[in-house]
Amino acid sequence: MIRLNDITSQVLSYHPKADIELIEKAYVYSAKVHQGQIRLSGEPYLSHPLEAAYILTQLKMDVTCIAAGLLHDVIEDTHASLEEITAIFGEETANIVDGVTKISKIQFKSSKQRQAENVRKMILAMSTDIRVILVKLADRLHNMRTLGFQSEEKQRSIATETLDIYAPLAGRMGINWVKYSLEDLCLFYLEPEIYARIKDLTARRQSEMGKLLKEIQNTLTEELAKANIPATVKGRQKHFYSIYQKMVDQDLEVSQVYDILAFRVIVKTIKECYAALGHIHSAWKPVSKRFKDYISVPKANMYQSLHTTVFGPARERMEVQIRTWDMNRVAESGIAAHWKYKEGGVTRNTDEKQFAWLNELLDWQKTLEDPQEFLDTVKMDLFPDEVYVFTPTGEVKSFPKGATMIDFAYGIHSEVGEKCTGAKVDGRMVPLRTQLKNGNIIEVITSSKQHPRKDWLSFVKTPRAKTRIRHWIKTEGRDESIVLGKSILEKTLQQEKLTVPNLLKSEQIAAVAKELSFQSGEDLIAQIGFGKISPRQVVGRLKPKLTDDEESPQGLVGKMVSRFTKPKGDHGIKVDGVSDVMLHFANCCQPLPGENVIGFITRGSGVTIHNENCQHVKEADPNRLVAVSWEPSEKSTYPARLRVSTVEGKGVLADISTILSRKDANITQAEVKTTVDHKGISLFTIEVEDYAQLQDIIRSIKKVKNVLVVERLQDA
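Residues numbered from 1 in each chain as written. Predicted model: local features only at pLDDT ≥ 70, side-chain atom pairs only at ≥ 80, totals over all residues. Heavy atoms only, no water.

All right, on to the overall build of the protein then. If you tally the helices and strands in the protein, you get 28 helices and 21 strands. Here the protein holds 716 residues, and the buried ones make up 49% of them. Long-range pairs, those at least 24 residues apart, make up 65% of the contacts in the protein between residues at least 6 apart in sequence. Total accessible area computed for the protein in this model is approximately 35700 Å², and 49% of it derives from carbon and sulfur atoms. (Helix = DSSP H or I, 4+ residues; strand = E, 2+ residues; numbered from the N terminus. Buried < 20%, exposed > 50% of the residue type's maximum accessible area, 1.4 Å probe, protein only. Contact = heavy atoms within 4.5 Å. Areas by Shrake-Rupley, 256 points an atom, 1.4 Å probe, with all protein chains shown as cover.)

Strand pairing in a sheet is mediated by backbone hydrogen bonds. Such pairs are either parallel or antiparallel. If you walk across this open sheet you meet the 4 strands as S19-S20-S18-S21, and the pairing is antiparallel. Each of the sheet's edge strands pairs with one partner strand only, and the pair in question is strand S19 (666-674) and strand S21 (707-713). Taken over all neighbouring pairs, the strand axes of this sheet differ in orientation by 20° on average, direction set aside. Pairing analysis gives 8 bridges linking S19 to strand S20 (residues 680-688), with the strands arranged antiparallel. Within S20, the residue paired with Thr 674 across the bridge is Gly 680. Across the face of the sheet, helix H27 (residues 652-662) comes into contact with strand S18 (638-646), S19, S20 and S21 while running at roughly 10° to S20. Packing against the sheet, helix H28 (residues 691-702) makes contact with S18, S20 and S21, and its axis sits at approximately 160° to S21. (Pairing = 2+ DSSP bridges. Axes fitted to C-alpha atoms, helices over the stretch in contact; angles between N-to-C directions.)

Before going further, it helps to examine the confidence of the model for the protein. For the protein, the average pLDDT comes to 79, and 79% of its residues sit at 70 or higher. Predicted confidence for residues 340-352 stays below pLDDT 50, and this span has 27 contacts to residues more than four positions away or in other chains. pLDDT under 50 marks residues 549-570. Its contacts with residues more than four places away, or in other chains, come to 49 contacts. (pLDDT = per-residue confidence, 0-100.)

Our focus in this paragraph is the pattern of salt bridges. Across all of its chains, the model carries 14 salt bridges by this definition. Between Glu 161 and Arg 140 there is a salt bridge, with the nearest N and O atoms lying 2.9 Å from each other. With Glu 161 in helix H10 (residues 152-172) and Arg 140 in helix H9 (residues 131-145), this pair connects stretches of sequence that are 21 residues apart. We classify Arg 140 as buried; its relative accessible area is 6%. Three or more residues joined by partner-sharing salt bridges are found here, namely Asp 62, Glu 92 and Arg 131. (Salt bridge = Lys/Arg side-chain N within 4 Å of Asp/Glu carboxyl O.)

Counting 70 residues, the largest nonpolar core has Leu 56 and Ile 66 as its most contacted members. In contact with Leu 56, other than residues within four places in its own chain, are Met 61, Cys 65, Ile 66, Gly 69, Leu 134, Val 135 and Ala 138. Core analysis: the next-biggest nonpolar cluster, separate from the first, contains 28 residues, Leu 583, Val 607, Val 652 and Phe 684 among them. (Core = buried A, V, L, I, M, F, W, Y, C linked by side-chain atoms within 4.5 Å.)

We now examine H27. Helical periodicity: at 3.6 residues per turn, an α-helix aligns residues three or four positions apart in one direction. Within the span of H27, buried status applies to Val 652, Ile 656, Ile 659 and Leu 660. Viewed end-on, H27 has its buried residues packed into an arc of 95°, placing them on one side of the element. Across H27 from its buried face, at more than 90 degrees, point the exposed residues Ser 661 and Arg 662. Packing partners of the buried residues in H27 comprise S18, S19, S20, H28 and S21. Looking one or two residues beyond H27, the residue adopting positive phi is Asp 664, at roughly 60°. (Arc of directions from axis to C-beta.)

Okay, the sheet that holds strand S10 (residues 420-425) next. Strand order in this open sheet of 3 strands is S11-S10-S12, and the pairing throughout is antiparallel. At either margin of the open sheet sits one strand with a lone partner, and together these are strand S11 (428-430) and strand S12 (442-446). The mean inter-strand angle of the sheet, taken between neighbouring strand axes irrespective of direction, is 35°. Here S10 pairs with S11 via 3 bridges, running antiparallel. When the bridges of S11 are listed, Val 425 appears paired with Arg 428.

Another point: the environment of Lys 650. Tracing the backbone shows Lys 650 in the loop between S18 and H27. Residue Lys 650 is classed as exposed on the basis of its relative accessible area, which comes to 87%. Measuring from C-alpha to C-alpha, the distance between Lys 650 and Lys 705 comes to 9.9 Å, with 55 residues separating the pair along the chain.

The subject of this paragraph is the pairing of strand S5 (residues 317-324). Buried residues dominate S5, accounting for 7 of its 8 residues. Where strand S2 (residues 261-267) and S5 come together, 7 bridges link them in parallel fashion. From the neighbouring strand, Phe 263 faces S5, where its bridge partner is Val 320. Where strand S4 (residues 306-311) lies against S5, 6 bridges are found, and the strand directions are antiparallel. Paired with Leu 306 across the strands is Ile 322, a residue of S5.

We now examine the side chain of Arg 712. Within the element layout of this structure, Arg 712 appears in strand S21. Polar side-chain contacts of Arg 712 include one of 3.4 Å to the backbone oxygen of Cys 589. A distance of 2.7 Å separates a polar atom in the side chain of Arg 712 from the backbone oxygen of Gln 590. (Polar contact = N/O pair within 3.5 Å; in protein donor to acceptor, adjacent residues only side chain to side chain.)

To continue, consider the environment of Ser 398. If you trace the backbone, Ser 398 turns up in strand S9 (residues 396-400). You can call Ser 398 partly exposed: its relative accessible area is 31%. Expressed as a C-alpha distance, the spacing of Ser 398 and Val 297, which sit 101 residues apart in the sequence, is 9.1 Å.

Two elements in contact, H9 and helix H11 (residues 176-190), have axes whose closest approach is 10 Å; the angle formed by their N-to-C orientations is 35°. Here H9 runs over H11; the crossing is left-handed. Between H9, through Leu 137, Arg 140, Leu 141, Met 144 and Arg 145, and H11, the contact on the second element is made entirely by Trp 177, Ser 181, Leu 182, Leu 185, Cys 186 and Tyr 189. Considering only residue class, the contact of H9 with H11 consists of 8 nonpolar, 1 polar and 2 charged. (Left-handed = near helix turned anticlockwise from the far one by under 90°. Nonpolar A, V, L, I, M, F, W, Y, C, P; charged D, E, K, R; others polar.)

Contact geometry for helix H2 (residues 21-33) and helix H4 (residues 63-71): axes closest at 9 Å, N-to-C directions at 5°. Classified by the angle between their axes, H2 and H4 sit roughly parallel to one another. Counting all contacts with H2, which are made through Leu 22, Ile 23, Ala 26, Tyr 27, Tyr 29 and Ser 30, the residues of H4 involved are Val 63, Thr 64, Ile 66, Ala 67, Leu 70 and Leu 71. A class-by-class count of the residues in the contact of H2 with H4 yields 10 nonpolar, 2 polar and no charged. (Parallel < 35°, antiparallel > 145°, perpendicular 65-115°, else oblique.)

With that settled, the discussion passes to unusual backbone geometry. Unlike most non-glycine residues, Lys 60 shows phi in positive territory, near 60°. With respect to the helices, strands and loops of the structure, Lys 60 is situated in the loop between helix H3 (47-58) and H4. One non-glycine residue, Asp 426, lies in the positive phi region at around 55°. In this fold, Asp 426 is placed in the loop between S10 and S11.

Applying the stated criterion across every chain yields a total of 0 disulfides. Of the cysteine sulfurs around Cys 588, a residue in no disulfide, the closest is that of Cys 614, at 3.6 Å. Since its relative accessible area comes to 11%, Cys 588 is described here as buried. (Disulfide = S-S within 2.5 Å.)

By the definition in use, this model includes 10 aromatic pairs. Consider the rings of Tyr 241 and Tyr 244, whose centres lie 5.7 Å apart with planes at 45°: the pair is tilted. Within this pair, Tyr 241 and its partner Tyr 244 are both found in helix H14 (residues 240-250), separated by 3 residues, close to a single helical turn. You can call Tyr 244 buried: its relative accessible area is 16%. Between Phe 585 and Tyr 638, the ring centres sit 5.7 Å apart and the planes meet at 75°, which makes this aromatic pair edge-to-face. Pair noted here: Phe 585 is in strand S14 (residues 583-585) and Tyr 638 is in strand S18, with a separation of 53 residues, a long-range link. In this structure an aromatic cluster arises from ring pairing among Phe 188, Tyr 189, Tyr 195 and Phe 240. (Phe/Tyr/Trp six-rings, centres within 6.5 Å; stacked < 30°, edge-to-face > 60°.)

Encoded structure:
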């Protein structure tokens with residue numbers, strides 16, 4: 001087990017003048033409050049914060065961060081309070097501890113929601129002090145190292161979360177050794193068989209590869225020395241998860257993976273980096289399309305290096321990374337490399353570019369309410385597969401693979417994305433869904449008349465673009481739908497010779513909205529504008545409220561069958577000669593005036609009207625059936641479903657729509673499918689006045705060229 005002396009000695013090795021009193025005090029406090037607690041491994045609980053703190057010393061973190069590492073579980077797992085931590089250790093340490101502490105006192109609807117809210121809390125804390133995530137990564141790394149003591153279900157759950165969130169976060173922070181360690185541990189628990197096969201392969205090749213590593217390392221050093229390029233060369237075998245990714249990407253078996261050697265060449269200057277690259281390429285043949293220049297175009301986490309793959313001795317593929325010592329420090333320590341010890345304390349020397357992605361995450365946590373959507377957005381942004389493109393002025397922009405012109409436009413500015421009408425790649429016009437490629441020079445064309453479209457969501461890749469498009473649809477798009485819905489509803493009311501003053505604030509409209517499960521009249525009108533609610537359906541419910549103070553009878557079953565309920569005395573149905581009865585029409589058979597109907601007494605909800613031939617009636621309790629009949633009433637409309645089968649031919653749907661319009665049948669829903677034998681299946685829900693009108697419509701559609709079958713759908 002790690003001891004306090006191991007931690008303080010490590011700190012003093014990279015910062016001889018560090019005041020380690022805070023670390024010692026944090027150790028004593030942590031030991032006191034965790035006393036008696038035992039981990040599943042059987043070790044004292046204190047072993048965990050000690051291990052986490054030691055990992056932080058490997059990142060060469062400051063005294064405050066390491067003290068927070070020792071205290072990171074005290075609020076969550078002991079009687080300690082945030083106020084007490086603040087009083088004893090100061091606000092800076094307390095804020096880091098609070099940022100790492102999970103939200104435990106709130107009841108969540110699902111584990112997904114809990115996970116999302118914990119990630120939100122961590123991101124918010126990171127924005128104030130980035131050391132929060134460094135402590136969290138140290139905590140997670142040690143937990144993964146001791147995960148074997150958890151249940152198998154817990155192992156898979158924690159490993160999945162680690163692979164989705166924390167390993168990519170370590171990569172974003174540029175702390176690659178932590179990222180690689182987490183990935184290998186996750187592979188061990190998520191794919192144990194593959195892990196074992198990779199381990200066996202590397203073990204069998206260990207002697208051969210070890211000898212080859214040494215030979216190539218010496219050869220590289222000698223060759224570069226001949227070219228007057230003093231360099232330090234380090235060799236290693238790739239980590240297991242990297243080999244696993246190669247197997248998945250190239251559909252290979254373990255035995256087919258050969259390029260598992262990697263070398264790092266460290267030189268003094270950038271000029272020497274490119275000189276070393278040229279010399280290596282002249283000595284060994286480079287593998288086509290495997291060169292990447294992260295020096296001129298750094299990664300988002302400010303990682304810089306030249307990457308190339310060459311055919312080395314014995315035609316063995318090997319990856320070579322070439323960088324300066326400063327680049328190597330950043331590559332190994334990532335964000336921790338920006339913490340500089342100076343006389344009298346520690347200061348941060350951060351680059352705004354490195355934290356641009358963090359600002360994006362902060363924006364998303366404010367706007368994305370759905371837990372799954374938020375987690376998916378975070379995961380997408382954390383994965384490092386990127387392409388690099390240029391603006392017309394030469395500015396470099398990075399995007400995830402698969403990103404499109406729309407993503408690029410939103411990457412410039414939200415307004416540019418919203419007004420984007422086209423794009424040029426290297427001076428040539430391309431469709432908006434065209435994917436970005438490395439080295440493209442992109443020019444966005446905008447128009448003040450343009451606005452985001454829903455179909456953009458089907459091909460954009462970046463969370464920023466998706467978030468902004470959805471936001472526009474929910475705000476400006478909704479406003480447009482309200483205006484359109486209001487206009488449509490007003491025209492429908494005029495046709496019925498009805499007037500509703502101040503439509504958006506009408507109490508009657510609000511009442512109808514509530515009946516249809518909307519929160520407000522404005523929401524209802526917006527859905528009319530979106531085309532999701534029929535204006536006639538709304539007017540049917542609204543009419544009795546405007547002509548009679550009595551509300552139309554409503555019941556739970558009535559809402560469930562999605563039928564409007566007729567008002568008392570005006571429902572068009574007599575029940576055993578009585579008209580003043582609460583009733584509604586069944587959605588299964590959707591009876592129409594002119595058809596033989598029968599009533600079924602529904603407990604607590606009056607009478608449900610069915611077609612006499614409805615299957616549900618045949619299976620119903622005969623003691624609850626009651627005779628009903630149609631009676632003359634004002635014109636009302638009723639829903640009917642049709643299925644039209646067609647063969648391929650131009651204008652078939654247009655002809656059908658024309659017939660429905662000419663026959664004064666309103667289409668409330670339509671769905672078109674194509675079968676494997678290229679026949680069309682069109683499903684329509686229409687509103688008609690009676691059975692005779694429906695039969696007339698069916699006869700007319702049957703006469704349309706290329707129509708095979710027209711049938712009314714019932715018992716759905």
